[in-house]
Amino acid sequence: MQATIVEAVNDALHTEMAADDDVVVFGEDVAESGGVFRATDELLEEFGADRVVDTPLSEIAIVGAATGLAMYGKRPVAEIQFSGFLPPAFDQLVTNASRIRWRTRGELTAPMVVRMPYGAGVRALEHHSESMEGAYAHIPGLKVVAPSTPHDTKGLLLASIRDPDPVLFMEPKRIYRSFREDVPEGDYEVPLGEAAVRREGEDVTVVSWGSMMPATLEAVEELDADAEVVDLRTISPLDTETVVESVKKTGRAVVVHEGPRSNGVGGDVVARINDEALMYLEAPVERVTGFDTPVPLLSMEDYYFPHPPRILDAIENALAV
Amino acid sequence: MTENAPTDHPANAAVSAGDPRFLTQDDLTVDTHQVVGPDGSYDADDVPDLDAEQFRDLYRWMLTDRVFSRRMVSIQRRGELGTFGSTRGQEASIIGSAYTLQPEDWLYVGRAWTPMFMRGVPMEDMILFWRGIEEGQQSFAEHNSQIAISIGSHLPLVAGLAWGMDLSGDDAVATAYLGDGATSTGAAHEAINFAGALGVPALFYCQNNQYAISLAADEQTGANTLAQKALAYGMDAIRVDGQDVLAVYEAVSEARERVREGEPVFVESVTYRLDAHTTSDDPTRYRSDEEVDAWEQHDPLERYREFLKSEGLWEDVDHDAIVDEIEAEFDAALEAANEFAEREIVEIFAHVYEEMPPELQRQYEEFVDLLDRRPEMCDFIEQRPKG
Ligand SMILES: Cc1ncc(C[n+]2csc(CCOP(=O)(O)OP(=O)(O)O)c2C)c(N)n1
Ligand SMILES: [Mg+2]
């Protein structure tokens, strides 16, 4: 079927709820109204009020209870309505979800998913625009996934729900509905921890993920050189090998992400390239990122996240040396 | 308890005799304070001590609230705002409470915009806010007020502001407006307990408008009322009919007096959001037309008009002329907002720190240089589909 990213989320939830009775979906406004983005549409009708639950407005309890449900053997899929409202629950991710396996030497685990739309550009209010994957990827024991296509969204979400460890599933809401592609019916997985090469090329490696992929692919089309584009798909644990192999081939690299530059995931990608492929580099690795500022309110948010000309400019810099 | 809510709120359930060893919900009787009943009747002794001008003032502010919401929804539909949350139905709840506040008080609101105007914030700055222009918030701050977008996040701030007032020996109160949904956040519970424990001049004003987006208030909590939550934190509370502007005014002014004495108070105002949660919401997905129609019958302006008529004050109110004046004020505000000059790129980078760190300075300069070298950037920014 042809589906958008948000429809692929919905399809994955329908698929896994039908396959596994232990899957429980909950969060604010997910049941009766089907979610503010309709990601959980029709789940209540199909699977009933025991398994599809509108919760109180309580982010701490949503993430903490997901952890408890998972420890008890359920497969919780919790929704945080916007990623800007995860911070209150950061404590539960850091203190419990990410380390219950470690704390109990594997006796107890937290196979759970927290889904949340992230990123700027939908003309919403403050706290509806951030890309904080860098902060979340800094939590050992937590997996962080950010799909960029409908096909990957469904396959990655299915893999995330079945994963034995907690997964923060960051959905790129700016491109929730911006294109459709063929999404297989029924069951399939896209494995966590594996990047995808979106476009093969010889001259420069461009690494990106999630909400920045369409702009990145658009930018390389304008390029007078042959770029290889790597979509990380999973931010943590990060697929160093795919990135490094590509850079060894091209000798140049650019990382594109939406979140702030300092202490962002881009810095870590650069470090891994330096660790494993420094001698192959013909130019410093460029970063194209959001700024080290809060995301501006909607009147200026479009200046914040990288657009194709800004990405193109950095790629040309990397090629100019 | 007073039957003011047309829905079957669990607070209306009969008290059941339970096991006396257990404290139960029903051990508590929570009244809903009312001055003017739904039929417009009232006891003259209960009417707050306001003069004729103040009574008319309340009406004018309620109308301002209604007209402002209507105009904002309409310009949003024309694509002139990002989104907007209407307050229709909550006018008595919003105005009756805010009318008690003094300029030196601090105000942190949820769904309540007119209280900013009552403090002197120009209407155009509220339009700027909903257009995502940071100067709107700057203007609110100049009047000791802010809007909290992260639900519940402001309650601890209000506890701290109140603590500051206490430490400075200032005669003022810090007020948090919150919704029924906000009472479920961890931040709210910690803050209410904290303020109660420290005995700081904080006033928590909860507008129970029956919904947090799609979730009905009786699914938000197992508690019979929201007011009773404060008790567990050692704080006094009052529940009031939020469609009755005089009851709200009276309850909150009395609460404010207690708060000034270092006794924080929690007020639950029982009201209803008649419009959608925001312009992006479709309320037909979670509530019936019959329910909304029933609450339309509890229009707070209508009830207050009955009171003004009984008092002989209505003859001096030219309703249509007031509406025209408010419309004109809105037109002027919109025009001023439309003329707000396009801002410089530096606004993105300013105010992160008092002094811009070198790395941020570099990001700023690089970006300005890029916009200079690649004018097509601006096309991307301007042509990107909005919404
Ligand atoms: C911490 C947090 N979680 C979720 C949201 C998304 N959200 C915006 S308003 C709202 C409901 C708020 O309900 P309530 O507190 O009753 O206020 P009302 O909108 O009814 O005035 C939600 C869930 C948010 N803004 N902040
Ligand atoms: Mg509410």
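In this text, all values refer to a predicted model and were calculated from it rather than measured experimentally.

At the interface, 52 residues of chain B touch 46 residues of chain A. For the pair chain B and chain A, the two sides together bury roughly 4200 Å², of which 61% comes from carbon and sulfur. Our count for the chain B to chain A interface comes out at four salt bridges. In this structure, Asp313 of chain A engages Arg373 of chain B in a salt bridge whose closest nitrogen and oxygen atoms are separated by 2.7 Å. Taken together, the elements giving at least two residues each to the side of chain B that touches chain A come down to helix H4 (123-130), helix H8 (217-220), helix H14 (346-349), helix H15 (358-373) and helix H16 (376-383) of chain B. With eight residues, the top contributor of residues to the side of chain B that touches chain A is H15 of chain B. Residue composition of the side of chain B that touches chain A, grouped by class: 22 nonpolar, 14 polar and 16 charged.

Here the focus is the site of ligand 1. Near ligand 1 there are 18 residues, and of these Glu59 of chain A together with Arg111, Ile149, Gly181 and Tyr211 of chain B occur at the shortest range. At the site occupied by ligand 1, nearby residues are drawn from chains A and B. One of the side-chain N or O atoms of Arg111 of chain B is found 2.8 Å from an oxygen atom in ligand 1. Note that an oxygen atom of ligand 1 is positioned 2.8 Å from one of the backbone N or O atoms of Tyr211 of chain B. Protein coverage of the free-state accessible area of ligand 1, which is 580 Å², stands at 93%. Among the residues forming the shell around ligand 1, the class breakdown is eight nonpolar, six polar and four charged.

What follows concerns the pairing of strand E3 (residues 174-179) of chain B. Residues and elements named next belong to chain B. Counted residue by residue, E3 has five buried out of six residues, so it is predominantly covered. Inspection of the sheet shows strand E1 (residues 106-109) paired to E3 by three bridges, in the parallel sense. Looking at the pairing, Tyr108 lines up with Ala176 of E3. Where E3 lies against strand E4 (residues 202-208), six bridges are found, and the strand directions are parallel. Paired with Tyr177 across the strands is Tyr205, a residue of E4. You can see the chain leave E3, run along helix H7 (residues 186-198) and come back into E4, and the turn it takes is right-handed.

The next thing to look at is unusual backbone geometry. Negative phi values dominate among residues other than glycine, just as trans dominates among peptide bonds. All names here are of chain A. In this chain, Ser236 is followed by Pro237 through a cis amide linkage whose omega measures 0 degrees. In this structure, Asn263 takes a positive phi of about 60 degrees despite not being glycine. Mapped onto the elements, Asn263 comes out in the loop between strand E13 (253-260) and helix H10 (265-277).

With that out of the way, let us pick up the domain arrangement of chain B. Domain boundaries in chain B define domain 1 (25-338) and domain 2 (348-380). The gap between the C-alpha centroids of domain 1 of chain B and domain 2 of chain B is 40 Å.

Another aspect to go through is the sheet that holds strand E2 (residues 145-147) of chain B. Within a sheet, adjacent strands bond to each other through the backbone by hydrogen bonds, running parallel or antiparallel. Residues and elements named next belong to chain B. With parallel pairing, six strands are arranged side by side in an open sheet as E2-E1-E3-E4-E8-E7. Looking at which strands have only one partner, the edges of the open sheet turn out to be E2 and strand E7 (236-241). The average undirected angle you get between the axes of adjacent strands in this sheet is 15 degrees. Sitting on the sheet, helix H6 (residues 155-168) is in contact with E1, E3 and E4, with an inclination near 165 degrees to E3.

Our focus in this paragraph is the domain arrangement of chain A. The accessible area lost on association of the parts is a frequent measure of interface size. Residue and element names in this part refer to chain A. Domains assigned within chain A are domain 1 (2-182) and domain 2 (196-320). Inter-centroid distance (C-alpha atoms) of domain 1 to domain 2 is 26 Å. Carbon and sulfur atoms supply 56% of the area that domain 1 and domain 2 bury against each other, a total of about 2000 Å² over both sides. Taken together, the links from domain 1 to domain 2 amount to three salt bridges. Across the pair Arg198 and Asp152 runs a salt bridge, and its minimum N-O distance is 2.4 Å. Counting across the domain 1 and domain 2 interface gives 13 residue pairs in polar contact (both at pLDDT 80 or more). When contributions to the side of domain 1 that touches domain 2 are tallied by element, the ones reaching two or more residues are helix H6 (133-137), strand E6 (143-145) and helix H7 (150-162). A class-by-class count of the residues in the side of domain 1 that touches domain 2 yields 14 nonpolar, seven polar and seven charged.

A few words on a negative patch on the surface. Residue and element names in this part refer to chain B. Taken together, the side chains of Glu342, Glu344, Glu347, Asp379 and Glu382 present a region of like negative charge at the surface. Turning to its location among the elements, Glu342 is positioned in the loop between helix H13 (319-338) and H14. Among the residues examined, Glu342 registers a relative accessible area of 68% and is labelled exposed.

The subject of this paragraph is the confidence of the model for chain B. All names here are of chain B. Residue-level pLDDT values for chain B average 94, and 94% of them are 70 or greater. Contacts from residues 1-15, a stretch scored under 50 in pLDDT, to residues over four places away or in other chains number 33 contacts. What the predictor reports for the complex is a pTM of 0.96 with an ipTM of 0.96.

Tallying each qualifying case throughout the model produces 51 salt bridges over all chains. Across the salt bridge formed by Glu282 of chain A and Arg252 of chain A, the nearest N and O atoms sit 3.2 Å from each other. Within this pair, whereas Glu282 of chain A is found in the loop between H10 and strand E14 (286-290), its partner Arg252 of chain A is found in the loop between helix H9 (240-250) and E13, the two being separated by 30 residues in sequence. Salt bridges here are not isolated pairs; linked through shared partners, they connect Asp313 and Glu316 of chain A together with Asp369, Arg373, Arg374 and Glu376 of chain B.

This next bit is on the environment of Ile235 of chain A. Residue and element names in this part refer to chain A. If you trace the backbone, Ile235 turns up in strand E12 (residues 234-236). It is 9.4 Å that separates the C-alpha atoms of Ile235 and Tyr136, two residues lying 99 residues apart in sequence. If near-sequence neighbours (up to four positions away) are discounted, Ile235 is found in contact with Ala137, Val144, Ala146, Trp209 and Val265.

Another point: the packing of aromatic side chains. In this structure the tally under the stated criterion is 28 aromatic pairs over all chains. When the centroid spacing of 5.4 Å and the interplanar angle of 65 degrees are considered together, the rings of Phe37 of chain A and Phe82 of chain A count as edge-to-face. Here Phe37 of chain A, found in the loop between strand E2 (23-27) and helix H2 (43-47), pairs with Phe82 of chain A, found in the loop between strand E4 (75-79) and helix H4 (90-95); they are 45 residues apart in sequence, far enough to count as distant. Comparing Phe37 of chain A with Phe82 of chain A shows no difference in burial state: the two are buried. Plain terms: the ring middles of Trp113 of chain B and Trp130 of chain B are 5.0 Å apart, the flat faces sit at 75 degrees to each other, and that makes the pair edge-to-face. Taken together, the residues Trp113 of chain B in the loop between E1 and helix H3 (114-118) and Trp130 of chain B in helix H4 connect sequence positions 17 residues apart. Of the residues examined, Trp130 of chain B reaches a relative accessible area of 3% and is grouped as buried.

The next thing to look at is the nonpolar core. Where a protein is soluble and globular, its nonpolar side chains tend to be buried together. Ranked by size, the top nonpolar core spans 77 residues in total, and within it Leu86, Leu168, Val269 and Ile273 of chain A carry the most contacts. If we skip the residues at most four places from it in the chain, Val269 of chain A touches Val207, Leu232, Leu238, Val243 and Val255 of chain A. One finds Tyr177, Leu246, Tyr249 and Ala333 of chain B within the second-largest nonpolar core, a separate group that totals 70 residues.

Turning to the sheet that holds E13 of chain A, a few remarks are in order. Residues and elements named next belong to chain A. Overall, mixed pairing links the five strands, which are arranged E9-E11-E10-E13-E14 in an open sheet. Both outer strands of the open sheet, strand E9 (196-199) and E14, are each paired with one neighbouring strand and no more. In this sheet, neighbouring strand axes are inclined to one another by 25 degrees on average, regardless of whether the strands run parallel or antiparallel. Both E9 and strand E11 (residues 227-231) contribute to a ladder of three bridges, which runs antiparallel. Across the sheet, the residue bridging to Val197 is Val230, located in E11.

Conventions adopted
- Residues numbered from 1 in each chain as written.
- Chains lettered and ligands numbered in written order.
- Predicted model: local features only at pLDDT ≥ 70, side-chain atom pairs only at ≥ 80, totals over all residues.
- Heavy atoms only, no water.
- Contact = heavy atoms within 4.5 Å.
- Buried area = accessible area lost by both parts, 1.4 Å probe.
- Salt bridge = Lys/Arg side-chain N within 4 Å of Asp/Glu carboxyl O.
- Helix = DSSP H or I, 4+ residues; strand = E, 2+ residues; numbered from the N terminus.
- Nonpolar A, V, L, I, M, F, W, Y, C, P; charged D, E, K, R; others polar.
- Near = heavy atom within 4 Å.
- Polar contact = N/O pair within 3.5 Å; in protein donor to acceptor, adjacent residues only side chain to side chain.
- Areas by Shrake-Rupley, 256 points an atom, 1.4 Å probe, with all protein chains shown as cover.
- Buried < 20%, exposed > 50% of the residue type's maximum accessible area, 1.4 Å probe, protein only.
- Pairing = 2+ DSSP bridges.
- Right-handed = clockwise from strand over helix to strand, strands pointing away.
- Domains from an automatic or database assignment.
- Axes fitted to C-alpha atoms, helices over the stretch in contact; angles between N-to-C directions.
- Patch = residues over 30% accessible without salt bridge, like charges linked within 9 Å, V, L, I, M, F, W, Y side chains within 5 Å.
- Lys, Arg positive; Asp, Glu negative; His and termini not counted.
- Charge placed at Lys NZ, Arg CZ, Asp CG, Glu CD.
- pLDDT = per-residue confidence, 0-100.
- Phe/Tyr/Trp six-rings, centres within 6.5 Å; stacked < 30°, edge-to-face > 60°.
- Core = buried A, V, L, I, M, F, W, Y, C linked by side-chain atoms within 4.5 Å.

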